[in-house]
Amino acid sequence: MEQKTAKKRILTGVQPSGILHIGNYFGAISASVKLQEEADESFLFIADFHSLTVNPDPDALRERVKQVALDFLACGIDPAKTLFFRQSDVPEVCELSWILNCITGVGLLERAHSYKDKIAKGFSPNNGLFSYPVLMAADILLYKSTLVPVGKDQKQHLEITRDIAIRFNQMYGETLVVPDGYINTDVAVVPGLDGQKMSKSYNNTIEIFGNPKAIRKKIMGMPTDCKTLEEPKDPDTCNVFALYKLFSTKAQQEEMAERYRAGNYGYGHAKQALFDAYMDFFAPMRKRREELEADPGYVESVLKTSAEKAKAVAQETLLQVQKAVGLR
Ligand code: ADP
Ligand code: TRP
């Protein structure tokens, strides 16, 4: 019997919130690059509407959107396989967001951890911050996404999206696709220079496209124990080795581990090897980024062309939603 399988449409959004680090690369970007190969359709957008909840400086926001676009394209997002666009280039999402706001209970949003955390930190919330998960639901539902890869921190937002979609369908008939979340649990947490989780909030990052001299300085300054050059060392408790593993083959890791255990191998040597491996790993992406930077017209045309295609999907869903609720 012929089996009809639904199209796999993957969608995710990235906030243009800062300079990307290798934790973002191994924890999120590389998965998006891989998933574009497996999906029937892949959508990735820069969530600039979401950024407005924290009222960024306008020029800084524009600049960060540009940088994120360069970063993702350089890291391997292929516009032939992924529709890569700016959220605000498809403003239909705001209309859907409004409609969804009108079926979303205040209690559901009050329970959102990320909202509660911000309140606990003394933030005086604006309404955009409060209804952030509804705009995120609109992002996902507008494009009838089936699978949404996100980090653990976004799991609850995805559950809210599912709740909203189910409620809409119950109230107005089957219209929206209830998406599945995809939390990649294989991804190990990338440690920062100090051994805690790498995060822009901890000032312990290695930027993907950072200035090589500055990165080398950061790596050479990583804290280690105070064993002398001659003493044997334990690779498994050393953060330099943990980071080296991200950029090396099993054979290279074994070779470095042997050197640690044999003695006469200093942390300075290991740090230099880590720096070299980091530079080699990202060299093709750095080169690609430089080419893209020299061609801003190309980057803009990728975002615009993708947005037009995304808009066609968005308008179709929005029309169905408008009809369902009695607007047309
Ligand atoms: P940050 O902690 O620097 O603010 P974000 O919260 O903006 O990073 O993370 C964006 C994405 O990168 C998320 O999907 C998150 O899971 C992933 N990510 C961030 N830091 C790490 C890390 N140290 N290890 C693995 N993944 C990470
Ligand atoms: N809230 C997400 C984050 O901070 C970004 C985002 C916005 C998103 N809309 C989305 C992620 C839709 C997945 C799907 O990381």
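Trainee: So what's going on with the pattern of salt bridges? Which residues, and what values?
Mentor: Side chains that differ in sign of charge can pair as their charged atoms come close. Scanning all chains against the criterion turns up 19 salt bridges. Put simply, R86 and E300 hold a salt bridge, and the shortest N to O gap is 2.6 Å. Taken together, the residues R86 in strand β3 (residues 82–86) and E300 in helix α14 (residues 296–325) connect sequence positions 214 residues apart. Of the residues examined, R86 reaches a relative accessible area of 14% and is grouped as buried. The salt bridge partner of D180 is R162, with a shortest N-O separation of 3.4 Å. Here D180, found in strand β5 (residues 180–183), pairs with R162, found in helix α9 (residues 155–172); they are 18 residues apart in sequence, far enough to count as distant. The exposure class of D180 is partly exposed, given its relative accessible area of 42%.

Trainee: Go over the site of ligand 2 with me, naming the residues and quoting the values.
Mentor: In the region of ligand 2, 14 residues are neighbours, and G13, Y132, M136, D139 and Q154 sit closest. Side-chain polar atom of D139 to a nitrogen atom of ligand 2: 2.8 Å apart, as the coordinates give it. Contact between ligand 2 and Q154: a nitrogen atom at 3.0 Å from a side-chain N or O atom of the residue. A total of 370 Å² of accessible area belongs to ligand 2 in isolation, and the protein chains cover 89% of it. Breaking the shell around ligand 2 down by element, the ones donating at least two residues are β1 (9–14), α8 (132–142) and β4 (147–150). When residues in the shell around ligand 2 are grouped by element, the largest group, four residues, is from α8. Partitioning the shell around ligand 2 into residue classes produces eight nonpolar, five polar and one charged.

Trainee: Give a detailed account of helix α4 (residues 92–101), specifying residues and quantitative values.
Mentor: Looking only at α4, the buried set comprises E92, V93, L96, S97, I99 and L100. Seen end-on, α4 carries its buried residues on one side only, within an arc spanning 165°. In the core, the buried residues of α4 are packed alongside α2 (48–51), α8, α9 and α14.

Trainee: Account for the pairing of β5, with residues named and values stated.
Mentor: The pairing of β4 with β5 spans four bridges and is parallel. Each bridged residue has a counterpart across the sheet, and for P149 the counterpart in β5 is Y182. As a crossover connection, the stretch from β4 through α9 into β5 is right-handed.

Trainee: Tell me about the site of ligand 1, and please be specific about residues and values.
Mentor: Around ligand 1, the structure places 13 residues, and the nearest of them are H21, V190, M198, S199 and K200. Within the backbone of G23, one N or O atom sits 3.2 Å away from a nitrogen atom of ligand 1. Within the backbone of V190, an N or O atom sits 2.9 Å from a nitrogen atom of ligand 1. Relative to its free-state accessible area of 540 Å², ligand 1 is covered by the protein chains to the extent of 76%. Per-class residue counts for the shell around ligand 1 are five nonpolar, six polar and two charged.

Calculation criteria
Residues numbered from 1 in each chain as written. Chains lettered and ligands numbered in written order. Predicted model: local features only at pLDDT ≥ 70, side-chain atom pairs only at ≥ 80, totals over all residues. Heavy atoms only, no water. Salt bridge = Lys/Arg side-chain N within 4 Å of Asp/Glu carboxyl O. Helix = DSSP H or I, 4+ residues; strand = E, 2+ residues; numbered from the N terminus. Buried < 20%, exposed > 50% of the residue type's maximum accessible area, 1.4 Å probe, protein only. Near = heavy atom within 4 Å. Polar contact = N/O pair within 3.5 Å; in protein donor to acceptor, adjacent residues only side chain to side chain. Areas by Shrake-Rupley, 256 points an atom, 1.4 Å probe, with all protein chains shown as cover. Nonpolar A, V, L, I, M, F, W, Y, C, P; charged D, E, K, R; others polar. Arc of directions from axis to C-beta. Contact = heavy atoms within 4.5 Å. Pairing = 2+ DSSP bridges. Right-handed = clockwise from strand over helix to strand, strands pointing away.

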